[in-house]
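Fold and geometry: a report
Residue strings, one per chain:
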Amino acid sequence: GQNIDQPTEMTATEGAIVQINCTYQTSGFNGLFWYQQHAGEAPTFLSYNVLDGLEEKGRFSSFLSRSKGYSYLLLKELQMKDSASYLCAVRPRNYQLIWGAGTKLIIKP
Amino acid sequence: NAGVTQTPKFQVLKTGQSMTLQCAQDMNHEYMSWYRQDPGMGLRLIHYSVGAGITDQGEVPNGYNVSRSTTEDFPLRLLSAAPSQTSVYFCASSSQGAYSSYNSPLHFGNGTRLTVT
């Protein structure tokens, strides 16, 4: 079967760095997405990886290892507004996205 | 530019009632989809469309119908509401159609919070 695993919840301190992991097992691979979802709001796109390596976008970076079925989202210089759920989604061979359950990130002052 | 607009934002139905959730996008996106989001679970695809006149089933289609008569609109119909359909529903679109690249991100509407009693 197809599966995506993420930690359910993580806690970090304002100003620190946090790494949110995502492991996947899918039938084929055509890219991995990260989305941010604040409570009660819609998911918004953060990043896309299809090749191995690190993609950096300001305070956020996303890493992919296709051979290990593994990705992480790295958030630097954490701010209170980063408190949200972070969703990992993989596009397997059959075109439609498979979604993880999301990681709720709690930022403490 | 409104993006993806969903109505209503909140809805309470009694078991057996029917209703339509509306979704419209003004980005000329080919691809549109409906998801439901339940606590502790990932987003689950209900139905999707890769262009006007084309629809297909996702992972959890039972109890729902869709149509795509225009590029802009993609309504979701609940035929006979059940308590198991209590959820948050998101409509999402992207520029990815049947022949586009795979890296087009989804743009989500603000969601409809549905309760079935």
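Basis of the calculations
- Residues numbered from 1 in each chain as written.
- Chains lettered and ligands numbered in written order.
- Predicted model: local features only at pLDDT ≥ 70, side-chain atom pairs only at ≥ 80, totals over all residues.
- Heavy atoms only, no water.
- Helix = DSSP H or I, 4+ residues; strand = E, 2+ residues; numbered from the N terminus.
- Contact = heavy atoms within 4.5 Å.
- Buried < 20%, exposed > 50% of the residue type's maximum accessible area, 1.4 Å probe, protein only.

Topic: the environment of Pro75(B)
Residue and element names in this part refer to chain B. With respect to the helices and strands, Pro-75 occurs in the loop between β7 (64–66) and β8 (76–78). Separated by 10 residues in the primary sequence, Pro-75 and Asn-65 place their C-alpha atoms 8.4 Å from one another. Excluding its chain neighbours within four sequence positions, the residues that come into contact with Pro-75 are Thr-20, Leu-21, Gln-22, Trp-34, Asn-65, Val-66 and Ser-67.

Some words on unusual backbone geometry
Glycine aside, negative phi is the norm for most residues, and most peptide bonds take the trans geometry. Look at the link from Thr7(B) to Pro8(B): it is a cis peptide, with omega at -10 degrees. Among the structural elements, Pro8(B) can be located in the loop between β1 (4–7) and β2 (10–13). Even without glycine at this site, Glu77(A) takes up a positive phi of about 45 degrees. Relative to the helices and strands, Glu77(A) is located in the loop between β8 (70–75) and β9 (84–90). One non-glycine residue with positive phi stands out, namely Asn28(B), at about 60 degrees. Take Asn28(B): it is sitting in the loop between β3 (19–25) and β4 (31–37). We classify Asn28(B) as exposed; its relative accessible area is 60%.

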